[in-house]
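# Structural characterization, general
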Amino acid sequence: MTLREAAGPGLRPAGTGGDASARRLHELVRPREALYAAFRDSWPRIERIGPPAALEAWSAAAAELINAHAGAGTLLAFASITERLGRDLGLDALAAIGREAAEICRHAGRRPAEAALTVLPSLCARGGHAFVADVVDRYRVVTEVARARRGSVLPLLGVMATVGRAMTPTALSAWAAAGLRATATGSAAEAEAYFGLKTPLSRRVLAESGGDGFAARERALSAIFLALWGIRPVIRARDFDGGSAPVPRTGIAGQVIQVPPVPPILPPALAARYYEAALAHVGAHARFTPRKFQAGELKPVSIALVSLVEDARVEALAMREMPGLRRLWGPFHEAAEVEAPSSFGLIARLGRALFHLDRHDDDPWVEKGRRLFIERLDRLEDPAIPREIANLVGNDLGQMRLPFNAKTYLVEPAYRDDNLGLWEFADEPDHPAEAHEVAHDSVRIERKEDPDDPDARGDPDDAEESEGAQSATFAPAGPVIVRYPEWDHAAGVFRPDWVTLREAVPAPAGTSSRYAAADAAVAARIESIVRRAAIGRSVRLRRQSEGEQLDLDAAIDAASDLRRRETPDPRVFQRRAQRHRDLAALLLIDASESTRRLVAGTRSRIIDLEVAAVRLVSGAMAMLGDSHAVWAFRSAGRDEVSIAALKAFAEPAEPAAERFAALEPGLSTRLGAALRHSTAALAGSRSLRRLLLVVTDGQPYDIDVDDPAYLVEDARKAVQMARDRGVDVFCVGLGTEESEAGKRIFGARNYFPVARLSDLPAKLAMLYFRLALR
Amino acid sequence: MTMDAYRIGSEPYYRSVGDEETVFAAAYGARMPVMLKGPTGCGKTRFVEHMAWKLGRPLVTVACHEDMTAADLVGRFLLDPSGTVWHDGPLTLAVRHGAICYLDEIVEARQDTIVVIHPLTDQRRILPLEKLGTVVAAHPDFQLVISYNPGYQSVVKDLKESTRQRFAAIDFNYPDALIEAEIVVREAGIGAPIAERLVEIGRRSRNLSGHGLDEGASTRMLIHTARLVAGGVPIERACHAGLIAPITDDPDMRQALRAAVAACLQ
């Protein structure tokens, strides 16, 4: 039998034998009759896509699908998307996708595998351009979810077309990882709700990762804004549920700039510069729009026109100062939708004409607007201009009897903001729904960001998250170690034996690599800072080649050498230096429930950042032989303050990562008792310097205390008493910009807010310097 | 010992921006110690050189560093074949011969080093040489000038109160845009339009100081960049080589600076 007969009419014989997978695939398909007919039909078209090596990989992937019992439907779906997308994506990428689908099938079954393939075309489209590189990476996220939560694959695929497309693979993967983590101990239904984007947590994580890697770029974007406008912005990802509504525009809500996902209609070159352009526009408003416009009785179309002229006015002013902005904004105007045969199209066209003032427009209405604007170029600083021009052109537009629907109006080009932030609306029923929504959003976001707001802890989102939190580190109600007094600031007295401290027994836990390994560069910097720290007694170094003073003994030796006509030893100086390190340090980790929150603008929880920071410092200290311990604490009322020793002073080496990984947030923050216990441990040390470094996320809090100042004042007292006993207390406040409570407790000079791990070295350097000064 | 090596031959260019020359001249008249505060590269050192030239005094400049000891300022015994010989440090030299002693970036020096200037900065005007067991009375023309940068590592490095209260202070900052452009034109020999663009970029970069950058681009950096442009480097490339690359390695900050450059250029 020849190869041609064996393989069927589609497969050409290849003498080199480089088609083993293709032949094997045909052998696998052949016995399945219904499948075979359809498959034989597509094969020639797939084969033509080529090249042969990629065809081999593709065939292997298809065979893998059959072996995974993915079913005829899945295989045909694979063949059909290959025909459709093969030329854009290439057979190699499709082979990789096929392998992922087979993996999905092995873990979650046929239907999810087939659905995963059917959703592919919608994943690939953006602005008419297929993007290849990250489609496979997106697929890997689905596979990850299939491995851990088979039931969640279908809900996930349901939102993939919208959500998955708006996010970078990294952001998507982070969102999925957060979901798997949050629902690790929960029910299947919980996980399905998360991946179907039905829980508030899921939407919040999505908004914070912001799609399109906004989170990853946030710092750079803020810096650009600050550089251009001299204003420090608060930028947040706009809540967008990935539904069918069009992606909204940027919103300005008070001090908060809310950025949406990148609108999918933008071509990639513009998508890459979208945030930069959008924020530059907001900056122009911040600088040149002096006050909000009063909406009063204005019709929506007038509001749109005034806003449009105002946009053009502030941009023109901004470009006088920074002419390069024209190159940033210009391409968006070229790409804007200006041909629509409606009022929207005309308005967008006017927007473009006001941007490119040197271009004549054929439409008389647009041309009139352009002329009116040019006539006012010499007094462009006048904020009344938009109203003037809008009045003059608004009437004409009204006479054209073009309908204007405020509900579907989208500002063009896409980088401009939604204009709601420019207006002061009275309570009329037309617009305010959106305006209120924005206002509501900003309040909600600000609340979320405020670690000192005790109400935030009652947030239903948080409650929902905490259900799965069974910490391995803190066994319930460990043995009582000691009782400590507590300072009642209202009464001005110590309440004796008020707080019961229990020892928590560290338990082994499963996962070890819960947080990303810290950057090697950061670790190296921290080590060098800890190493250089001049902590120790100063010693006299004799017989040095350089120094402040002559070393008398060496000088006499040298003088006698000279008299004997021998060569003297030139090292005749002495100097003082600090040599021996003599430090005992205790690193105290706040493991309360509030550390479960994500660090603003990142995907990591505060506790993960805490642990990563502590491990960096602890690792550096261990390397240098500094005596140190690592404790974690939490509380549930005054009868149960638990302290867990993750590393004891006596342990010589860095403890295993598992012990840190077992640390899960839970319960409250009774800081004072933990400080007293740590002080007691350090005060017994005979080291020259005793350092207590508290790593926390902000405010002390406990369930049995109503007065927010009570625990702050108690902790402050505990810090003062620690200082009296010769212990230097510092606090690294993680995940918060500033904490008034932190400053109050530790003193502003001893409190170091750290928002990112990469900021830690700088703060530590400062801390060690303080330590050396005293 | 002649001080000729420390005399300034020709007039150093300095563009006065306020009353700093008057204040300095008056302080010198009273032989009052002067402290110059301001960010790096804004013209402090140039100002001292200019004033030393104007007043006709030699100028002894010491760049302070953290390993500097009192002996490095005052002097020390060295060994020679006949025994030990005393060798004056730069401060002692200035005190004996009536020069202006300029301690640049004084906060970099260790606290125990800084205190040796105390007897020189009150009405005693003496420098005790502990090792020699003698006291040098300052020459009538001697004046002490120090400079430091309050923004730079201000939290960890600071002057003691007992030191700072001995000085009259002159605050320096980057000059206004027009004056700064004038300085860039004069120092780099380029046209005003390019200088004005560079100054705009510099001002944007200063917005970032304290928020990712320790300091923005100094006037000195703008002059460097302008000199690169004058040497035929295209302006965008010159901005990278003269401003962005030296100032930070942080990719986010570099991106912000690049955006500022792009926005400010035509």
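Residues numbered from 1 in each chain as written. Chains lettered and ligands numbered in written order. Predicted model: local features only at pLDDT ≥ 70, side-chain atom pairs only at ≥ 80, totals over all residues. Heavy atoms only, no water.

### Brief notes about the sheet that holds strand 14 (residues 627-635) of chain A
Residues and elements named next belong to chain A.
- Read across the sheet, 8 strands follow the order 8-9-15-14-13-16-17-18 without closing on themselves; strand pairing throughout is mixed. With partners counted over all chains shown, the strands left at the sheet margins are strand 8 (480-488) and strand 18 (751-754), one partner each. Here the strands of the sheet are splayed against their neighbours by 25° on average, with no regard to which way each runs.
- Contacting strand 13 (583-590), strand 14, strand 15 (641-647), strand 16 (689-696) and strand 17 (728-734), helix 25 (residues 606-624) runs over the sheet at an angle of about 170° to strand 13. (Pairing = 2+ DSSP bridges. Helix = DSSP H or I, 4+ residues; strand = E, 2+ residues; numbered from the N terminus. Axes fitted to C-alpha atoms, helices over the stretch in contact; angles between N-to-C directions. Contact = heavy atoms within 4.5 Å.)

### Things to note about the sheet that holds strand 3 (residues 234-237) of chain A
All names here are of chain A.
- Overall, mixed pairing links the 3 strands, which are arranged 3-5-4 in an open sheet. Each of the sheet's edge strands pairs with one partner strand only, and the pair in question is strand 3 and strand 4 (251-253). Pairs of neighbouring strands in the sheet enclose a mean axial angle of 25°, with direction left out of account.
- Against the sheet, helix 15 (residues 268-288) touches strand 3, strand 4 and strand 5 (256-259), its axis set at about 150° to strand 5.

### Structural notes on the pairing of strand 14 of chain A
All names here are of chain A.
- With 8 of 9 residues buried, strand 14 lies mostly within the body of the structure.
- One ladder, built from 7 bridges, connects strand 13 with strand 14; its direction is parallel. Its bridge partner lying in strand 14, Ala 585 is registered against His 628.
- Pairing geometry for strand 14 and strand 15, over 6 bridges, is antiparallel. Paired with Phe 633 across the two strands is Ile 643, which belongs to strand 15.
- What sits between the antiparallel neighbours strand 14 and strand 15 is a turn of 5 residues, in which Gly 637 has the positive phi angle 85°. (Buried < 20%, exposed > 50% of the residue type's maximum accessible area, 1.4 Å probe, protein only.)

### Observations regarding the interface of chain B and chain A
- In this assembly, 31 residues from chain B lie in contact with 31 residues from chain A.
- Counting the surface lost from both chain B and chain A, the interface buries some 2700 Å², and carbon and sulfur atoms represent 61% of this.
- Counting the contacts that link chain B with chain A gives 3 salt bridges.
- Our enumeration of links across chain B and chain A arrives at 12 residue pairs in polar contact (both at pLDDT 80 or more). (Buried area = accessible area lost by both parts, 1.4 Å probe. Salt bridge = Lys/Arg side-chain N within 4 Å of Asp/Glu carboxyl O. Polar contact = N/O pair within 3.5 Å; in protein donor to acceptor, adjacent residues only side chain to side chain.)

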